[in-house]
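Close look at the chain arrangement
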Amino acid sequence: MSLVHDLLQNNRQWAAALKLEAPDFFLKLSKQQKPLFFWIGCCDSRVPANQIIGLMPGEVFVHRNIANIVNSADINCMSALQYAVDVLQVRHVILCGHFGCGGVQAAVHGEGHGIIDYWIWDIKAILTRHEAMLAQAPAERLVDLMCEINVIEQTYELCRTKVIREAWQRGQPVRVHGWIYGIHDGLLQEVIPEVDRTVDVETVYQAALTAVTQKYTGG
Ligand SMILES: [Zn+2]
């Protein structure tokens, strides 16, 4: 039996088990989706959005890319964000990075991988921006520190997108969060406290950078 055949079998069993618990589950979902959450995370196979936050199909709208990068020029990410905020009217947008991120690691160590080198250009730019602070961190913690800084920077970018700014301008109660996930322990941590339209993004961003600097460099 092939591995892919196993997947199809798994699917039949999963759907049957769910239908046994809630006979109209799929019928209800087929009529509409009303998720309260939008998740922007990394492609890493160890960080599956639904499982780690304990949500069922229909409960979280998801966009994933390598190293959870938010760039206003990325039409894929911006389309998902706009649909989530403007159409689905999600209440929370969660930017979630993770420790040991391969994309961040490639940028830190300058490893060449081909096309991905262009994708992680944003992370290389973040590295340059925080060069002085990164130089103070112990070498063995550099990737972890950069993973956290990446969450802060991408969350900041997210708050500055047209979609989020316009949602806040029209009074939409959407909140933005910056989290990091530990592959080693399965736990999420808040890197940036909840940001909504009443909060000064710049202040939150600077405070998060200061906190992470203290955590890794003690200064
Ligand atoms: Zn990753």
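Rules and cut-offs
- Residues numbered from 1 in each chain as written.
- Predicted model: local features only at pLDDT ≥ 70, side-chain atom pairs only at ≥ 80, totals over all residues.
- Heavy atoms only, no water.
- Donors = N, O, S within 2.8 Å, 3.2 Å for Na, K, Ca; no water.
- Buried < 20%, exposed > 50% of the residue type's maximum accessible area, 1.4 Å probe, protein only.
- Phe/Tyr/Trp six-rings, centres within 6.5 Å; stacked < 30°, edge-to-face > 60°.
- Helix = DSSP H or I, 4+ residues; strand = E, 2+ residues; numbered from the N terminus.
- Expected span 1.5 Å × (residues − 1).
- Pairing = 2+ DSSP bridges.
- Axes fitted to C-alpha atoms, helices over the stretch in contact; angles between N-to-C directions.
- Contact = heavy atoms within 4.5 Å.

This brings us to the coordination of the zinc ion. Here the zinc ion is held by C42 (SG), H98 (NE2) and C101 (SG), and the distances to it run 2.1 to 2.3 Å. If you list the donors of the zinc ion from N- to C-terminus, the spacing comes out as C-x55-H-x2-C. No difference in accessibility class separates H98 from C101, as the two residues are buried.

Counted by the stated rule, this structure contains five aromatic pairs. Pairing F38 with F61 gives two aromatic rings, centres 5.6 Å apart and planes at 45°, and the pair type is tilted. Of this pair, F38 sits in strand 1 (residues 37-42) while F61 sits in strand 2 (residues 60-65), and the two are 23 residues apart along the sequence. Note on F38: relative accessible area 0%, which makes it buried.

Let us look at helix 11 (residues 201-217). Side chains three or four residues apart in an α-helix point the same way, a direct result of the helix having 3.6 residues per turn. Over its 17 residues, helix 11 extends 24 Å from the first C-alpha to the last, a length consistent with the 24 Å expected when each residue adds 1.5 Å. Within the sequence span of helix 11, burial applies to V201, V204, Y205, A208, L209, V212, T213 and Y216. Of the residues flanking the end of helix 11, it is G218, one or two places downstream, whose phi is positive at about 70°.

So, about the sheet that holds strand 4 (residues 175-181). Taken together, the five strands give an open sheet; going across it, the order is 2-1-3-4-5, and neighbouring strands pair in mixed fashion. Of all strands in the sheet, those bounded by a partner on one side alone are strand 2 and strand 5 (188-195). Geometrically, the sheet is characterised by an average inter-axis angle of 20° between neighbouring strands, direction not taken into account. As paired strands, strand 1 and strand 2 are joined by six bridges and run parallel to one another. Paired with C42 across the two strands is N65, which belongs to strand 2. Here helix 4 (residues 75-87) sits on the sheet in contact with strand 1, strand 2 and strand 3 (92-98), set at roughly 170° to strand 2.

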